[in-house]
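The lines below spell out each chain.
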Amino acid sequence: MNQTEALAARGAAVVMNTYSRFPIAFDHGKGCYVWDMDGKKYLDFVAGIAVNSLGHGHEALSKKIAEQAQKLIHVSNLYYTEPQISLAEAICAHSGFDKVFFCNSGAESIEAALKIARKYATMKGKPGRDIITMEHSFHGRTYGAVTATGQAKYQKGLDPLLPGVKHVPFNDLEALKAAVDENTCAILMEPIQGEGGIHPADKAYLEAVRALCDEKDIVLLFDEIQCGVGRTGELFAYQHYGVQPDGATFAKGLAGGVPIGAFMATERLAQAFQPGDHASTFGGNPLATAAGTVVMHELFENGVLENVKKQGEYLQQKLLECKEKYDIIADVRGVGLMQGIELTIPASDVIADSIAHGLLLVGAGTNVIRFVPPLIITKEEMDEAISILDGALARAQEKA
Ligand SMILES: Cc1ncc(COP(=O)(O)O)c(C=O)c1O
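Throughout what follows, the structure given in this document is the object of discussion. (Residues numbered from 1 in each chain as written. Predicted model: local features only at pLDDT ≥ 70, side-chain atom pairs only at ≥ 80, totals over all residues.)

Section: the sheet that holds strand 15 (residues 359-360)
Strand pairing within a sheet occurs via backbone hydrogen bonds; the two strands may be parallel or antiparallel.
Now for step 1: One open sheet accounts for 4 strands, arranged 1-2-3-15; its pairing is mixed. Of all the strands in the sheet, just strand 1 (26-30) and strand 15 have a single pairing partner and so form its edges.
Now for step 2: Relative to strand 15, strand 3 (residues 41-44) runs parallel, the two being bridged by 2 bridges. Within the sheet, the bridge partner assigned to L43 lies in strand 15 and is L359. (Pairing = 2+ DSSP bridges. Helix = DSSP H or I, 4+ residues; strand = E, 2+ residues; numbered from the N terminus.)

Observations regarding the nonpolar core
Now for step 1: Formed by 121 residues in total, the largest nonpolar core has its most connected members in A117, I187, L221, A262 and A291.
Now for step 2: Looking at which element gives the most residues to this core, the answer is helix 5 (residues 106-123), with 9 residues. (Core = buried A, V, L, I, M, F, W, Y, C linked by C-beta atoms within 7 Å. Buried ≥ 20, exposed ≤ 12 C-beta atoms within 10 Å, placed from the backbone.)

As for the pairing of strand 7 (residues 184-189)
Now for step 1: Buried residues dominate strand 7, accounting for 6 of its 6 residues.
Now for step 2: Across 3 bridges, the pairing between strand 5 (residues 130-134) and strand 7 is parallel. Bridge pairing in strand 7 links D130 to T184.
Now for step 3: Relative to strand 10 (residues 219-223), strand 7 runs parallel, the two being bridged by 4 bridges. Of the residues in strand 10, the one forming a bridge with L188 is L221.

What to know about the site of the ligand
Now for step 1: Neighbouring the ligand are 15 residues, the closest being G106, A107, G140, I225 and Q226.
Now for step 2: The element that contributes the greatest number of residues to the shell around the ligand is helix 5, accounting for 3 residues.
Now for step 3: Of the residues assigned to the shell around the ligand, the class counts are 6 nonpolar, 6 polar and 3 charged. (Near = placed C-beta within 6 Å. Nonpolar A, V, L, I, M, F, W, Y, C, P; charged D, E, K, R; others polar.)

Some details on unusual backbone geometry
Now for step 1: For the bond from D159 to P160, the omega torsion is 5°, close enough to zero to count as cis.
Now for step 2: For P160, the location among the structural elements is in the loop between helix 6 (143-148) and strand 6 (165-168).
Now for step 3: Of note in this structure, I49 is not a glycine but carries a positive phi near 55°.
Now for step 4: Mapped onto the elements, I49 comes out in helix 2 (residues 47-50).
Now for step 5: Accessibility expressed as a C-beta count within 10 Å gives 15 for I49, which makes it partly exposed.
Now for step 6: At N367, a position not held by glycine, the phi torsion is positive, near 60°.

Quick look at the environment of A208
Now for step 1: Along the chain, A208 falls in helix 8 (residues 203-216).
Now for step 2: C-alpha separation for the pair A208 and V243, spaced 35 residues apart in sequence, amounts to 9.6 Å.

Digging into helix 10 (residues 286-301)
Now for step 1: The first and last C-alpha atoms of helix 10 sit 21 Å apart over 16 residues, in line with the 22 Å expected at 1.5 Å per residue.
Now for step 2: Buried within helix 10 are the following residues: L287, A288, T289, A290, A291, G292, T293, V294, V295, M296, E298 and L299.
Now for step 3: Contacts made by the buried residues of helix 10 are with helix 3 (59-71), helix 4 (82-93), strand 4 (99-103) and helix 11 (304-325).
Now for step 4: One or two steps after helix 10, the chain reaches G303, where phi turns positive at roughly 80°. (Expected span 1.5 Å × (residues − 1). Contact = placed C-beta atoms within 7 Å.)

Quick word on the pairing of strand 12 (residues 261-265)
A regular strand places its side chains on the two faces of the sheet in alternate fashion.
Now for step 1: Where burial is concerned, most of strand 12 is hidden: 5 out of the 5 residues are buried.
Now for step 2: Here strand 12 shows no split at all, with G261, F263 and A265 on one side and A262 and M264 on the other all buried.
Now for step 3: For strand 11 (residues 247-250) and strand 12, the ladder comprises 4 bridges, and the chain directions are antiparallel. Bridging across to strand 12, A248 finds its partner in M264.

Thoughts on the sheet that holds strand 16 (residues 362-364)
Now for step 1: Strand order in the open sheet made by the 4 strands is 13-14-17-16, with antiparallel pairing throughout. Lying at the two open borders of the sheet, with one neighbouring strand each, are strand 13 (329-335) and strand 16. Ignoring which end each strand starts from, the neighbouring axes of this sheet average 30° apart.
Now for step 2: Strands in contact with helix 11 are strand 13, strand 14 (338-343) and strand 17 (368-371); relative to strand 13, the strand with the most contacts, it is inclined by about 175°.
Now for step 3: Helix 12 (residues 347-356) contacts strand 14, strand 16 and strand 17 of the sheet and is inclined by roughly 45° relative to strand 17. (Axes fitted to C-alpha atoms, helices over the stretch in contact; angles between N-to-C directions.)

Structure follows, in structure tokens:
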């Protein structure tokens, strides 16, 4: 038994069995590569599922984390700290939002979104408590977030779920209009569905949803946990559409791997939260938010957003070339460095083959392989990934 297998066996004995894990144990990383306990090197196109925005062992990020850890890791949100304010200022400066609430994860930011929507209705004296979300969406695993998630497999055996949540088909305006009534207080959706299989919203649809929300005074909430923080080449995916929501959620890549979540809102919506209405002990602590300021700096001041646009286009072009070559690819979808290929065969075989050849990939939805590398990925690394993928696709096609 090598060190990787030994650690995996120790893990299986003591860690709760909630993940179907690969028998791989990682030791360290640098840039877009990670190494297992036995020194095997992998090119990381998973990035902690769209979390390691600046890759591994990023110099400025790790330096900032170390310095902040020595200075101040945590104080209560009864007080202000400079990193928290700076990160909130940076997010507001690059969005149409006025206020930020910090928490620790994606699901937690969804909870803030769901709660503020109902608080807003209460503030306005409206009876509406219902929240509409999309089929095939993914919003997280807390009770509110898993209720909002439009996939029955995540809700099995958990009922009763949060009352007042309805699901409608994504990108279907008529279905949404039919579901909206006087009890609707909010609509929540991912502008690009991630976990559900990399499905971007149509521009005309998002514009029409915005108009519908304006007409009926419904709060429009975008889940940008996976598609946000520069992953598509803009800070928010909605910025590609020119459709401003009333609130949005962030998490994953915002602090480059340090746990963080954020809920952003326009002033009008933010007013619905008053002191005591919502809180999170660790939310926005100086360590996580200091890391977040480095990510924002790298995105805007160090060319990372430009890199995402450039490499994202290159990745999509290479995936389209693969589609020309292999009949087992049914579709290529995505924006920037959030791309997916839909296969006519189970994605798991191609993923396992790629991993065996040193490329980490992850699935999404049904038969979709997702590509969410660090935002600092280079053309050379992209070529290496495509070459490994090409081999795996060729072998899969031969077997199919
Ligand atoms: C779009 C979206 N929303 C919410 C979540 C939940 O985030 P977390 O796992 O940090 O709670 C995820 C996680 O994959 C996600 O992709």
